[in-house]
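Observations on the model geometry
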Amino acid sequence: MQHSTVYENALALSLHGAMKTFGPVVALADGTIELRAGEIMALCGENGAGKSTLVKILAGVHAPDTGEFIVAGQHCSFKSVADSKAMGVSVIYQEPTLFPDLSVAENIFIGRQPKNRLGLIDHGRMRKNAATLFERLGVPMDPARRAEGLSIADQQLIEIAKAISLDAKILVMDEPTAALSGVEVDRLFKVARSLRDAGAAILFISHRFNEVMDLSNRITVMRDGRYIDTHLTRDVTVERIVRDMVGRDVDTLFPKTEAALGETVLAVDKLGRKGVFSNISFEVRAGEIVALAGLVGAGRTEVARAIFGIDKRDAGSVTVAGKALPPGNPQAAITSGIGFVPEDRRKQGLVMDLSVARNTALTLRHKFSRFGLIDGRAEKRTAATWSRKLQVKTSSMDQAVSTLSGGNQQKVVLAKWLATEPKVLIIDEPTRGIDVGTKSEVHRLINELAGHGMAILMISSELPEVLGMADRVLVMHEGLITAQLDRNEATPESVMYAATASQEKNS
Amino acid sequence: MSESATATVDTSQALSGTQDVRGPRWYTGRDAIMVYILVVFLLYAMITIPRFATPVTTGFLLLDVIPTLLIAMPMTLIIITGEIDLSVASIAGLSSAVLGVMWAGGANIWVSMAIALFVGLLAGIFNGVLIAFVGLPSLAVTIGTLALFRGLALVVIGDNAVANFPKEITAFASSKIGTTGIPVMVIPVLVVVVFFGLLLHKTAFGRGLYAMGYSKDAAHFVGINEGRSKFWLYVASGLVSASAGIFWTLRYTSARSDNASGLELTVIAAVLLGGVSIFGGKGSVPGVLAGVLLIGSLNYALRLGRVSDVVLVTVTGLLLIASVIAPSISSAISTWRHDQKLRRQLSDEATATAVN
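Residues numbered from 1 in each chain as written. Chains lettered and ligands numbered in written order. Predicted model: local features only at pLDDT ≥ 70, side-chain atom pairs only at ≥ 80, totals over all residues. Heavy atoms only, no water.

Concerning the overall build of chain B
For clarity, the threshold we go by: Runs of E in the DSSP output that reach at least two residues are strands. Runs of H or I that reach at least four are helices, and both are numbered from the N terminus. Working definition: with a 1.4 Å probe on protein chains only, accessible area under 20% of the residue-type maximum means buried, over 50% means exposed, and in between means partly exposed. In this analysis, two residues are considered to be in contact whenever any of their non-hydrogen atoms come within 4.5 Å of each other.
Check the secondary structure of chain B and you find 14 helices and zero strands. Taken from the N to the C terminus, the helices and strands of chain B come in the order α-α-α-α-α-α-α-α-α-α-α-α-α-α. Among the 356 residues that make up chain B, the fraction classed as buried is 50%. Residue pairs at least 24 apart in sequence account for 78% of intrachain contacts in chain B once pairs closer than 6 positions are excluded.

Here it is as structure tokens:
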């Protein structure tokens, strides 16, 4: 297929001037996108740029207030997800929701299982059909297997298989690679390219520029709920895209400043949890940023959870500023001075329906108590102070955090932990799903905190972030620390080597 | 979920240019609406029902409402954490039976009451351990104990009824403050209401309950001990239910195994009517207070109008369903109003540009 000719390909879908508001919040002011058959269009934009709302309009989850929406030459107004599926639009989400108790094949054909003469489900035919689908995708997968325990990458492939079985002409992938390892990303891209070459139109959303440049034919950029521009990928540079996204130049992504290292604050000794990780020992000193690198599933988050006491540990000890921490007790960890910014801010970091003030003050609820009763004004004051320090964009302290953009939500999570004035801050994926502008703000903030003597343990799947921020890099592979690299030793090669080649460790 | 959450914010400022999003104000919140409905209903009842606006009515109405109000307090906190306790009426029945048997067996009345309370405490601990520490679903556990505790009550007292309680105590249970018609027992009940109100709205513990109701994970990450909080709620529920059972016994001067049976339905209906979300995370004690009084006075008014008990139960059931549906309807209405407004604004803009 000649990709230079995508502009002449048939228009698969077009949306012009779509607007969507929720109460007083304008989520999308001008949603505009054109997808042509046989192309992969990347959609870039900061968090809060309106990408998710646009995807939800395409998916039929939201109906736009205004705008012209044409799919396959027909004017459309989707009332439901079923409407959009009927028009051949399928959306693959970052984290698919399969039915864990059903087989892979049943998940694909749910609600439209092939029947035999008696009107019962024809399992044999269903499995054969599923197997054919996976063959077309070029990935081996057992259709009879239960969906429980499948990796996110495999679950996405099942969703894609389902989309193909529904004869989807338009595939929307909403940040599919966020939770995938390198190999899994490669496999997904192979599938995406083959679907494109078969004539499908694909909308691909990602915060990772190397993926966008690698995969897409064209790139559409959004900012502040508006369409900005569409470029041919081969004619455009990353710098240009970033400029479109933020409306200004982002000069340095990682403004690393050297901080003076102090005493050891966090000491982890021979920490173990059966079947998850073992023999984890390291220290973090005041003012030091230690990164925990490794592939997804290496056990990094699990180590952090065990340190903080969310999960129980089976072996080893954790010491904060010389004091041993009891196992499985987050409150004790907080009291002794650990803060934990978890990876999933929507589920773990925030109580989405509560206000900014309540969320910020949740970690300090005991501190604000006078004779057992909470001083509401002190609570609000503290929340306001930290929101201002971190420049959280919110109209009032009473606004529910669910109405904030992803970047601002992450700032609220940071605020609620910084308000406890921790000695150690554990940050799991500090910039996942966050826009470029806020990203560098978060990086600057982490550096600043280290500069003030905080010990920081950062878990990150983004190699540039690890290399750019960390004083020291611990690399994990299959539940073990396989390398401890100083800043000057840490290179993409040395980290990836330790993350994949566990057998070679310190022989 | 997020749609309905955003849709319930005040739409009056939509598209006015300011992005000022405030939470619901005190006079437009769900609990405020309940108070309005209550006031309107009371006025209506006073005007249309001849004997309604008298001290006698006030007295009987409040006496009727006390057990519901008492049990509604811990129930509010439990439902806010996303759990439920269906065994409350059976605990009240069990404590009533224990009180009767102890008294009939010759024990001192105060000792009998203390033991009845203690049995309620044990019942609460039993629920609490299974739900908070073993981790079983509260719906299943308390359906089980609903039958279990009622069964135990029958074992304890059988088909008998104990009625010969000391006159001065039974009289005190339904005595009034001067000529106001307001029962003396309202005072300790108000203390309980204020206690649970402060606990829910003004303490770190209460904050934790809301957080748990919304998101267990997020609550865990800020060091909230979910198990311990829930355990104490069920213990409190057991104790308060037993107190309600004791009050019930003394007020009607009758200890029976079927005392207060079916009361859990009224309590839960009142709590939900008071604006507590059955899904957890939302609700307030003032709202529940209004809900309890509304359901109580509605029942009383119907009874004055000689409506049978069967109809009363039917009405309670309908109110329960209505209170669960109400939030969805109100959010649908505000979404619709917002859409209308937007459409008007757009057509105004269109005419404006046409004129220009």
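A closer look at the overall build of chain A
Note the following rule: Based on C-alpha atoms, the radius of gyration is set beside the globule rule, defined as 2.2 Å times the residue count to the power 0.38. Only the protein chains shown count as cover for residues, and the accessible areas themselves come from Shrake-Rupley with a 1.4 Å probe.
Per the secondary structure count, chain A includes 17 helices and 22 strands. By the compact-globule yardstick of 23 Å for 507 residues, chain A fits well, its C-alpha radius of gyration being 24 Å. A principal-axis box enclosing the C-alpha atoms of chain A has dimensions of 70 × 55 × 50 Å. The buried share of chain A, taken over its 507 residues, is 57%. Taken as a whole, chain A presents about 21,200 Å² of accessible surface, with 49% of it coming from carbon and sulfur.

Some words on the packing of aromatic side chains
Short version of the rule: Any Phe, Tyr or Trp ring, taking Trp's six-membered ring, that has another such ring centre within 6.5 Å forms a pair; planes under 30 degrees apart are called stacked, those over 60 apart edge-to-face, and the others tilted.
Evaluated as defined, the whole model comprises 11 aromatic pairs over all chains. Taking the centre distance of 6.4 Å and the plane angle of 25 degrees together, the rings of W103 of chain B and F165 of chain B count as stacked. You can see W103 of chain B sitting in helix α4 (residues 88–104) and its partner F165 of chain B sitting in the loop between α6 (138–157) and α7 (167–173), a full 62 residues away along the chain. With centroids separated by 5.4 Å and ring planes inclined at 70 degrees, the aromatic side chains of F231 of chain B and W232 of chain B adopt a geometry described as edge-to-face. Since its relative accessible area comes to 12%, F231 of chain B is described here as buried. Members of the aromatic cluster, each reached through a chain of ring pairs, are F308, F340 and W417 of chain A together with F221 of chain B.

As for the pairing of strand β20 (residues 455–459) of chain A
Along any regular strand the residues' side chains alternate between the sheet's two faces. Residues and elements named next belong to chain A. Which entries qualify depends on this criterion: Here, a strand pair is defined by DSSP locating no fewer than two bridges between the strands. A right-handed crossover is one whose linking path, passing over the helix from the first strand to the second, runs clockwise when the strands point away from the viewer.
In terms of burial, β20 is a largely internal element, five of the five residues being buried. What you see with β20 is no split at all: A455, L457 and I459 on one side and I456 and M458 on the other are buried throughout. In the sheet, strand β13 (residues 289–294) pairs with β20 via four bridges, with the strands oriented parallel. Bridge pairing in β20 links L292 to I459. Examined bridge by bridge, strand β19 (residues 424–428) and β20 share five bridges and lie parallel to one another. For V424, the partnering residue across the bridge sits in β20 and is A455. Chirality of the crossover, the property in question, places the unit of β19, helix α15 (residues 436–451) and β20 among those that are right-handed.

Some points on α6 of chain B
Because an α-helix completes one turn every 3.6 residues, residues spaced three or four positions apart along the sequence face the same direction. Residue and element names in this part refer to chain B. Our working definition: Multiplying 1.5 Å by the residue count of a helix minus one yields the expected span of that helix.
Taking 1.5 Å as the rise per residue, α6 with 20 residues should run 28 Å; its terminal C-alpha atoms sit 28 Å apart, in good agreement. Those residues of α6 that fall on the buried side of the exposure criterion are S138, V141, T142, T145, F149, R150, A153 and I157. Next to the buried residues of α6 lie α4, α5 (109–133) and α11 (226–251). One or two positions beyond α6, positive phi appears at G158, with a value near 65 degrees.

A closer look at the packing of helix α9 (residues 204–214) of chain B against α11 of chain B
All names here are of chain B. Going by this rule: Only the contacting stretch of a helix is used when fitting its axis, a line to C-alpha atoms as for every element, and angles between N-to-C directions run 0 to 180 degrees. In these notes the angle categories are as follows: under 35 degrees is roughly parallel, over 145 is roughly antiparallel, 65 to 115 is roughly perpendicular, and the rest is oblique. Note on residue classes: Ala, Val, Leu, Ile, Met, Phe, Trp, Tyr, Cys and Pro are nonpolar, Asp, Glu, Lys and Arg are charged, and everything else, Gly too, is polar.
Contact geometry for α9 and α11: axes closest at 11 Å, N-to-C directions at 110 degrees. Comparing the axis directions of α9 and α11 gives the class roughly perpendicular. Each of F205, L209 and M212 in α9 lies in contact with α11, whose residues at this interface are E226, S229, K230 and L233. A class-by-class count of the residues in the contact of α9 with α11 yields four nonpolar, one polar and two charged.

As for the nonpolar core
Our working rule: Remark: nonpolar core denotes a set of buried residues (Ala, Val, Leu, Ile, Met, Phe, Trp, Tyr, Cys) joined through side-chain atoms within 4.5 Å.
If you look at the biggest cluster of nonpolar residues, it comprises 91 residues, and the most contacted ones within it are F282, I307 and L425 of chain A. Counting residues per element, this core draws most heavily on helix α14 (residues 406–418) of chain A, at six residues. With residues up to four places along the chain from it excluded, the contact list for F282 of chain A reads L266, A267, V268, V303, I307, L457, L474, I481 and Q484 of chain A. With 66 residues, the next largest nonpolar core counts M34, F247, A260 and L320 of chain B among its residues.

Section: the pattern of salt bridges
Operational definition: Salt bridge, as used here, is a side-chain nitrogen of Lys or Arg placed within 4 Å of a carboxyl oxygen of Asp or Glu.
Counted under the stated rule, the structure contains 24 salt bridges over all chains. The shortest N-O distance in the salt bridge between D398 of chain A and K380 of chain A comes to 3.1 Å. Here D398 of chain A is found in the loop between α13 (376–389) and α14, whereas its partner K380 of chain A is found in helix α13, with 18 residues between them in sequence. Given the relative accessible area of 34%, D398 of chain A is considered partly exposed. Between R303 of chain B and D64 of chain B there is a salt bridge, and its shortest N-O distance comes to 3.3 Å.

Digging into the domain arrangement of chain A
All names here are of chain A. Convention followed: As annotated, the domain borders come from an automatic or database domain assignment. Two parts placed together each lose some accessible area under a 1.4 Å probe, and the buried area is that loss summed for both.
Domain parsing of chain A yields domain 1 (3–98 + 150–246) and domain 2 (264–500). Averaged C-alpha coordinates put domain 1 and domain 2 at centres separated by 32 Å. Counting residues at the interface gives 12 residues for domain 1 and 11 residues for domain 2. Taken together, the two surfaces of domain 1 and domain 2 that pack against each other cover about 1,000 Å², and 58% of this comes from carbon and sulfur. Applying the counting criterion to the domain 1 and domain 2 interface returns zero salt bridges. With three residues, the top contributor of residues to the side of domain 1 that touches domain 2 is helix α8 (residues 238–246).

Quick word on unusual backbone geometry
Comment: phi is negative for the bulk of residues other than glycine, and the bulk of peptide bonds are trans. Residue and element names in this part refer to chain A. Phi angles above zero are rare outside glycine, and D224 is one such case at about 50 degrees. Turning to its location among the elements, D224 is positioned in the loop between β9 (218–223) and β10 (226–232). The exposure class assigned to D224 is exposed, which follows from its relative accessible area of 60%.

Details of the environment of G227 of chain B
Residues and elements named next belong to chain B. By the element assignment, G227 lies in helix α11. A relative accessible area of 15% places G227 in the buried class. Each C-alpha atom, one on G227 and one on T48, is 50 Å from the other, the two residues being 179 residues apart in sequence. Beyond its immediate sequence surroundings of up to four residues, G227 is in contact with A132 and F133.

Quick word on helix α2 (residues 30–48) of chain B
Residue and element names in this part refer to chain B. Over its 19 residues, α2 extends 27 Å from the first C-alpha to the last, a length consistent with the 27 Å expected when each residue adds 1.5 Å. For α2, every residue scored as buried is listed here: A32, M34, L38, F41 and A45. As for α2, its buried residues are in contact with α12 (263–273) and α13 (285–304).

A few points about the packing of α2 of chain B against α13 of chain B
Residue and element names in this part refer to chain B. What counts is decided by this rule: Here a crossing is taken to be left-handed if its near helix is turned anticlockwise relative to the far helix by less than a right angle, and right-handed if that turn runs clockwise.
Where α2 contacts α13, the axes come no closer than 8 Å and their chain directions differ by 25 degrees. As far as their axial angle goes, α13 and α2 are roughly parallel. The chirality of how α2 crosses α13 is left-handed. When α2 is examined against α13, the residues D31, M34, V35, I37, L38, F41 and L42 are found in contact with a partner set consisting of G287, A290, G291, L293, L294, S297, L298 and A301. Taken together, the residues of the contact of α2 with α13 sort by class into 11 nonpolar, three polar and one charged.

Details of the sheet that holds strand β22 (residues 480–486) of chain A
Residues and elements named next belong to chain A. The mixed open sheet is built from six strands, whose spatial order is β16-β19-β20-β13-β21-β22. The open sheet has two edge strands with one neighbour each: β16 (338–341) and β22. The mean inter-strand angle of the sheet, taken between neighbouring strand axes irrespective of direction, is 20 degrees. Running at roughly 170 degrees to β16, α14 makes contact with β16 and β19 of the sheet.

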